[in-house]
Amino acid sequence: AVSATKSVVTSAKKAPTTLSSDRVINFARGDPTMYESYWRQMGEKCTIVISGHNLMSYFSNAGHFCWFLMPELDRAIRRLHCVVGNAVVDDDRYIVVGNGSTQLFQAVLYALSSSYDPDTEPLSVVAAAPFYSSYPEETDFLRSGLYKWAGDAYSFDKDGAYIEVVTSPNNPDGAIREAVVNRDGGKLIHDLAYYWPQYTPITGKADNDIMLFTFSKATGHAGSRIGWAIVKDIEVATKMVKFMELSSIGVSKESQLRAAKILEVISDDCQNSAPDKEENFFEYGHRLMSDRWEKLREVVKRNGVFSLPKYPQDYCNFIGKYTDPSPAFAWLKSKDGLNCDNLLRELKIVTRGGTNFGVDSNYTRISMLSPDEDFNLLLERLSAIKGTIINGN
Ligand code: PMP
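Right, let's walk through the structure included here. (Residues numbered from 1 in each chain as written. Predicted model: local features only at pLDDT ≥ 70, side-chain atom pairs only at ≥ 80, totals over all residues. Heavy atoms only, no water.)

Along the chain, Arg-177 falls in the loop between strand S5 (162-167) and strand S6 (186-191). Measuring from C-alpha to C-alpha, the distance between Arg-177 and Val-166 comes to 6.7 Å, with eleven residues separating the pair along the chain. Apart from the residues within four sequence positions on either side, Arg-177 is in contact with Ala-128, Ala-129, Pro-130, Val-166, Thr-167, Ser-168 and Asn-170. Among the polar contacts listed, one links the side chain of Arg-177 to the backbone oxygen of Ala-128, at a separation of 2.9 Å. (Helix = DSSP H or I, 4+ residues; strand = E, 2+ residues; numbered from the N terminus. Contact = heavy atoms within 4.5 Å. Polar contact = N/O pair within 3.5 Å; in protein donor to acceptor, adjacent residues only side chain to side chain.)

Attention now goes to the pattern of salt bridges. Enumeration over the complete set of coordinates arrives at 18 salt bridges. A salt bridge links Lys-45 to Asp-269, with the nearest nitrogen and oxygen atoms 3.0 Å apart. In this pair, Lys-45 sits in the loop between helix H2 (36-41) and helix H3 (71-84) while Asp-269 sits in helix H8 (residues 253-271), placing the two residues 224 residues apart along the sequence. The exposure class of Lys-45 is partly exposed, given its relative accessible area of 41%. Between Asp-74 and Arg-78 there is a salt bridge; the shortest N-O distance is 2.6 Å. Here Asp-74 pairs with Arg-78, and both are found in helix H3, just four residues apart, close to one helical turn. Among the residues examined, Asp-74 registers a relative accessible area of 13% and is labelled buried. Accessibility expressed as a relative area gives 17% for Arg-78, which makes it buried. Look at the salt bridges and you will find they share partners, linking Asp-92, Arg-93, Asp-207, Asp-209 and Lys-232 into a network. (Salt bridge = Lys/Arg side-chain N within 4 Å of Asp/Glu carboxyl O. Buried < 20%, exposed > 50% of the residue type's maximum accessible area, 1.4 Å probe, protein only.)

Right, dumping it as structure tokens:
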């Protein structure tokens, strides 16, 4: 394994002409900067003006169970889900806004575990491997007495209550998932961050007890730190609001208004039936992602060193035809069992290795959401490995 990795370095050094730049390119984070060019094209369409005297109060909707949620954002979220058809947002579903879905994940853990007897063991939190690398860290960071990370759901065999996180499409491997433990006493959190048409065919309206979505992956506006939960049970939703009160007394109104504006613009564009209408955001995103996936698959096929998961086509209700999934991350596997992350670092490509996601180091995760320039460099560098490892020279 060591000599194979070395041979990649040698090859990269011997043939500098194949690499247009020597800079390190980082694909370890899912920073969705790829969408910037779309939003730049939209010019002033999403601009909002906020004066010095606006939005000063802590409160957005006093008397509402989620008193810091701006009604504009509540409406915009419900409308977008109706337009896309990816989640049930009937009037009896409660929306809780958060500082990204990261904060809401912790709010849900609190809400689901706080009613358990404090003298009993912490509630186990599991997810099927490979799982999103932040779940274990977020769960155990404060060493809560209420809940505790218990690892891979496939090997979870403890009796009693538990929480399972179901991420679909999954981060890191893009798989469409369902709960795997399926025992009495289980509570489910559905993390649907990537259940949008640019990443996967929309096959129906998700209707789970607790669903998490994020502005970061839906539209690319990760910096606004807006996420939302759609919750069936008012008691769970109310406890989540309590958590939010204590951790940040709500969510920035500037961010909420900006998110509301952008979500409304997307909905308007999706519902525009003019014959000469422009591509809407999801059509644009889907075209871009499909194009990237096609190019990546071509390079991976040609160099023969790695493999990528295969995904079945499905009918996308939103796009109105069969589409191929084009996940936000590429889950790369080394065919020879090499440490994939180390191997790519030799080519100045930084990724997040399989062990972060609860599996072996022969897997690594590559973000597909980086700017064009970086993505093209990635393709170029992956092409340069061609044959090197197989030939062993
Ligand atoms: N869940 C999943 C599956 C994610 O991939 C991410 C972002 N990488 C998040 C949650 C967190 O998103 P946010 O930016 O809303 O905190």
